[in-house]
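Single-letter residue listing:
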Amino acid sequence: MNDIYLLEKNENETEIKFEHKETSSKEFYVLLRNYFFLSDSNEEKTLVSSTFKPRKHEFSPIEKYLIEYKAKIEQEKIEQLIDKLVWELVVELKYFSLDDSGISSAERKILDIEEKYSFRILGEVLQTIYVKYNDFPNILAGICKGLERFDLDEVLPWGPTMLSGLLVHKSEVVKEYAVSLVENWSDVTLLPILRNLECPSLWLQEYISDVVKYLEECDVLHKEAI
């Protein structure tokens, strides 16, 4: 049986000491971000990529440990990134103006997150804000406005999930912006949601009815085109 000791080197490097009981030889596995250096007391081995390829035989305990360790580090990096982006976007969303007809700084930030990272990261950021700041109508309205910059199929599956919650929000401001988002996406699959949506305000109910009528017309034109 081998003894394994984990020694933290620094933020970019971890050394694992792998000592054989029956011999005096010692091996060191050093994790350097994306690579492993395999070395022993006599000679230095070849640099091996840490991106493991599927093999027919099972991984050794040390290989399993290294894979799990790397996955954990990567997940922690993603979580830290999301926390950072959430804070940055919330700062912009707090200043979102309902009267601003141009593209807001919050919308630019949303576009920037998608461009620099991915829709998956953007989804994580927006869903986190949606939950934490559900009592802030301006922030939720800003999210709706930002989502109008994308097509529905780009924000699946989290986009429609958020939309369902936004449409039934207690704030009429949020409802209005959510209905505007449905109108912008012009997707007939969203018709059942709008048809079952009711609100006390006459002006908002009329707006919902207009969007329902618009989507029904789109549905007819789509079927005729087919």
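Up top you'll find the structure we're talking about.
Residues numbered from 1 in each chain as written. Predicted model: local features only at pLDDT ≥ 70, side-chain atom pairs only at ≥ 80, totals over all residues. Heavy atoms only, no water.

### Some points on the packing of helix α4 (residues 137-147) against helix α6 (residues 172-185)
Move 1: One way to put it is that α4 packs onto α6 with a least axis distance of 9 Å and a crossing angle of 5°. Taken together, the axes of α4 and α6 are roughly parallel relative to one another. Each of P137, L140, A141, C144, K145 and L147 in α4 lies in contact with α6, whose residues at this interface are V173, V174, Y177, A178, L181 and W185.
Move 2: Considering only residue class, the contact of α4 with α6 consists of eleven nonpolar, no polar and one charged. (Axes fitted to C-alpha atoms, helices over the stretch in contact; angles between N-to-C directions. Helix = DSSP H or I, 4+ residues; strand = E, 2+ residues; numbered from the N terminus. Parallel < 35°, antiparallel > 145°, perpendicular 65-115°, else oblique. Contact = heavy atoms within 4.5 Å. Nonpolar A, V, L, I, M, F, W, Y, C, P; charged D, E, K, R; others polar.)

### Points about unusual backbone geometry
Move 1: Of note, the amide linkage connecting L156 to P157 takes the cis form, showing an omega dihedral of 0°.
Move 2: Considering the arrangement of structural elements, one finds P157 in the loop between α4 and α5 (158-167).
Move 3: Positive phi is not limited to glycine here, since S186 has a value of about 50°.
Move 4: One can find S186 in the loop between α6 and α7 (191-195).
Move 5: A residue is classified by how much of its surface remains accessible, and S186, at 26% relative accessible area, is partly exposed. (Buried < 20%, exposed > 50% of the residue type's maximum accessible area, 1.4 Å probe, protein only.)

### As for the nonpolar core
Move 1: One finds V125, L126, I129 and L194 to be the most contacted residues of the largest nonpolar core, which totals 48 residues.
Move 2: Elements supplying a minimum of two residues to this core: α1 (61-93), α2 (105-116), α3 (119-132), α4, α5, α6, α7 and α8 (202-225).
Move 3: Ranked by residues supplied to this core, first place goes to α6 with seven residues.
Move 4: Residues contacting L126, with those up to four places away along its chain left out, are L89, I110, I143, L147, W158 and M162. (Core = buried A, V, L, I, M, F, W, Y, C linked by side-chain atoms within 4.5 Å.)

### Quick word on the packing of aromatic side chains
Move 1: On inspection of all chains with the given rule, the structure shows four aromatic pairs.
Move 2: Centre to centre, the rings of Y65 and Y69 are 6.2 Å apart; their planes meet at 20°, and the pair counts as stacked. Of this pair, Y65 and Y69 both sit in helix α1, separated by four residues, roughly a single helical turn.
Move 3: On the numbers, 6.2 Å between centres and 80° between planes, the contact of F96 with Y177 is edge-to-face. One end of the pair, F96, is in the loop between α1 and α2; the other, Y177, is in helix α6, and 81 residues separate them in sequence. (Phe/Tyr/Trp six-rings, centres within 6.5 Å; stacked < 30°, edge-to-face > 60°.)

All we've got here are geometric facts, nothing functional implied.
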